[in-house]
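# Descriptive analysis of the structure
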Amino acid sequence: MQDNVAVVTGGTGGLGRALIPYLIRRDFKVAVTYLKPEEATTLEDALDVDESRLMLRRCDCTDADAVGEVMQDVVDTFGGINVLAALVGGWAGGRDLAETGQVRFERMIDLNVRSTFYTLRAAVPHMRDAEWGRIVAVGSRAALEAPAGQAAFNAAKAAVVAMVQTLAKELDDTKITANVLTPAVIDTAATRATLPYADYVDWPKPEAIAAVLDFLLSPASEVINGAIIPVYGKA
C-alpha cells in the first residue's frame, strides 16, 4: 500500500499554512508549491516533519508546463497523488466593469482561472491511478452573489466553481471527489494589508476554514461531490 500523498498549490499562504499541519498529522507526504522563497522557508521552519515527507517546489501555477512538471515530480518522488488542494488565487477590485482595464482583467483570469485549470488538468491523470482521491479548489462567495466593483474577480471565481462542478461529474466513475469552497474574506496578514481600514473582527480565520478542508480532503468525505461549500460564517 502506497503512502497517502497531498499536493497543496499556493501552500505557503495563510490558508495553506493552516491546512498543512492537518495533513502532516494524518501522516501524509505533502508537496507544496510557492512563489516567494521566504514564505517557503517560514513554512519549513514551522513544520516538525522529516524532510522525506515534505516537498517544496517553486512554481508559477499560471504556467501550464511548470505545473505539469511539478505534478510529475511529485509522482516520481512520492509514488502518486491522493489529495489536491488548489489554493492559488487572488483578488483585485475597486473598479466598475466599464472601468476595468485589460491588465486587471487578465490578472484575475491568470491567478484564478488558469492556475486552477492547469493544476486540475495536470493532477487528475495521476490521481486516477490512486486508490482514492479528493480535490478541493477555492472559489468565492462573490462567484454566487456578484458584488459590484469587482466584475473580473467575480467572473473568474464563477469559472472556478463551474470548472470544479464539471470535473466532479467527469470523475463520476472513479473514487475521486471534487468540491469547491466559497469563502468571502479570510483573515490573513495579506488580506489585512490589502484592506487596511476594513473591520476584520468577524472575518473567518484560516484555521477554521482549514478544518473544513481537512475533512473534505479525507476518506470520510466520500459522499460529498460537486458541492459548493460556504465558509464565510454568519456574515
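Above: the structure in question.
Quick look at the structure, then. (Residues numbered from 1 in each chain as written. Predicted model: local features only at pLDDT ≥ 70, side-chain atom pairs only at ≥ 80, totals over all residues. Heavy atoms only, no water.)

### Overview of the packing of aromatic side chains
- Overall, the coordinates contain two aromatic pairs when judged by the stated rule.
- Consider the rings of Phe 28 and Trp 132, whose centres lie 6.3 Å apart with planes at 70°: the pair is edge-to-face. One end of the pair, Phe 28, is in the loop between helix 1 (14-25) and strand 2 (29-34); the other, Trp 132, is in the loop between helix 4 (102-127) and strand 5 (133-138), and 104 residues separate them in sequence.
- Assessed through its relative accessible area of 1%, Phe 28 is described here as buried.
- The exposure class of Trp 132 is buried, given its relative accessible area of 13%.
- The ring of Tyr 22 carries the charged tip of Arg 25 above its face, separated from the ring centre by 4.9 Å.
- Arg 141 extends its terminal NZ or CZ atom over the ring of Tyr 232, reaching a point 4.0 Å from the ring centre. (Phe/Tyr/Trp six-rings, centres within 6.5 Å; stacked < 30°, edge-to-face > 60°. Helix = DSSP H or I, 4+ residues; strand = E, 2+ residues; numbered from the N terminus. Buried < 20%, exposed > 50% of the residue type's maximum accessible area, 1.4 Å probe, protein only. Lys NZ or Arg CZ within 6 Å of the ring centre and 35° of its normal.)

### What to know about the side chain of Thr 116
- Position of Thr 116 among the secondary structure elements: in helix 4.
- For Thr 116, a relative accessible area of 2% translates into the label buried.
- There is a polar contact of 2.7 Å between the side chain of Thr 116 and the backbone oxygen of Asn 112.
- Sequence-distant contacts of Thr 116, defined by excluding residues within four places in its chain, comprise Val 88, Ala 137, Val 160 and Met 163. (Polar contact = N/O pair within 3.5 Å; in protein donor to acceptor, adjacent residues only side chain to side chain. Contact = heavy atoms within 4.5 Å.)

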